[in-house]
Amino acid sequence: MQLNQRQKAIVDIVKENEPITGEKIAELLQLTRAALRSDLVVLTMLGVLDAKPKVGYFYIGHSEPSQEYNLFKEMHVSQIMGVPLTVHQNDSVHDVIVQIFMEDTGGGFVLDQDGYLVGLVSRKDLLKASIGGGDLTKLPIGVIMTRFPNITTVLEEELVLEAAEKLVTRQVDSLPVVRPGKDGRLKVVGKFSKTIITRLFLEIKE
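Residues numbered from 1 in each chain as written. Predicted model: local features only at pLDDT ≥ 70, side-chain atom pairs only at ≥ 80, totals over all residues. Heavy atoms only, no water.

## What to know about the sheet that holds strand β7 (residues 154-155)
Two orientations exist for strands paired in a sheet by backbone hydrogen bonds: parallel and antiparallel.
Consideration 1: Taken in spatial order, the 3 strands line up as β7-β8-β9 in an open sheet, and their pairing is mixed. This sheet does not close on itself; its edge strands, each paired only once, are β7 and β9 (186-193).
Consideration 2: Bridge analysis of strand β8 (residues 174-180) against β9 gives 7 bridges, and the strand direction is antiparallel. For L175, the partnering residue across the bridge sits in β9 and is F192.
Consideration 3: Contacting β7, β8 and β9, helix α8 (residues 160-170) crosses the sheet at an angle of about 80 degrees to β9. (Pairing = 2+ DSSP bridges. Helix = DSSP H or I, 4+ residues; strand = E, 2+ residues; numbered from the N terminus. Contact = heavy atoms within 4.5 Å. Axes fitted to C-alpha atoms, helices over the stretch in contact; angles between N-to-C directions.)

Shown next, in the form of structure tokens:
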């Protein structure tokens, strides 16, 4: 697995400052500890870094992936996907905001009247709509959602590693897991997110 730029930066910092805590790494990169959590888990599972409680991270640079990583790379999205939050394109922005915050999720996947995926909406989209003024109870979510072809999707049978690379490439927190219909339209069957990946890494590591 090829490391992304942030992961390479983390490795360089650890090499120069080991042992170093996750909080210190985050400080040097001007990021939050939470923002680095998934990268640190990946680097540890790959055998690039090791961590000791109350001490910090060390560089070990194993050339062979760990047993945990080998297990992870054989998994399919369907095995770990989460429950998606779906809304309909005629739902009001106000109602979608309420749903997203009640579910404590980063966004929702927008469906048409037949239940097929037509777009997605994030907290950022909702914030922009709120700042713009107007009556959010009358503004349909379909007006502000992101539409095709600007939506990246994941199939149930895809490998988790391939789906994770899509998250990194698109720089998003989650992607809809879809099942193609006979007419080419897509049914949303799950959610794949950075939080799900991080939780999986921790469970495998334990």
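This is not the end of the story, as more comes after the structure.
## Quick notes on the pairing of β8
Consideration 1: Pairing geometry for β7 and β8, over 2 bridges, is parallel. Bridging across to β8, V154 finds its partner in V177.
Consideration 2: Counted between consecutive antiparallel strands, the loop separating β8 from β9 contains 5 residues, among which G184 sits at a positive phi close to 90 degrees.

## Thoughts on the packing of helix α2 (residues 22-29) against helix α3 (residues 33-45)
Consideration 1: Between α2 and α3, whose axes approach to 9 Å, the crossing angle comes to 110 degrees. Between α2 and α3, the angle is such that the two are roughly perpendicular. The interaxial crossing formed by α2 with α3 has right-handed handedness. Between α2 and α3, the contacting residues are G22, E23, I25, A26 and L29 on the first element and R33, L36 and L40 on the second. (Parallel < 35°, antiparallel > 145°, perpendicular 65-115°, else oblique. Left-handed = near helix turned anticlockwise from the far one by under 90°.)

That is the geometry; function is a separate question.
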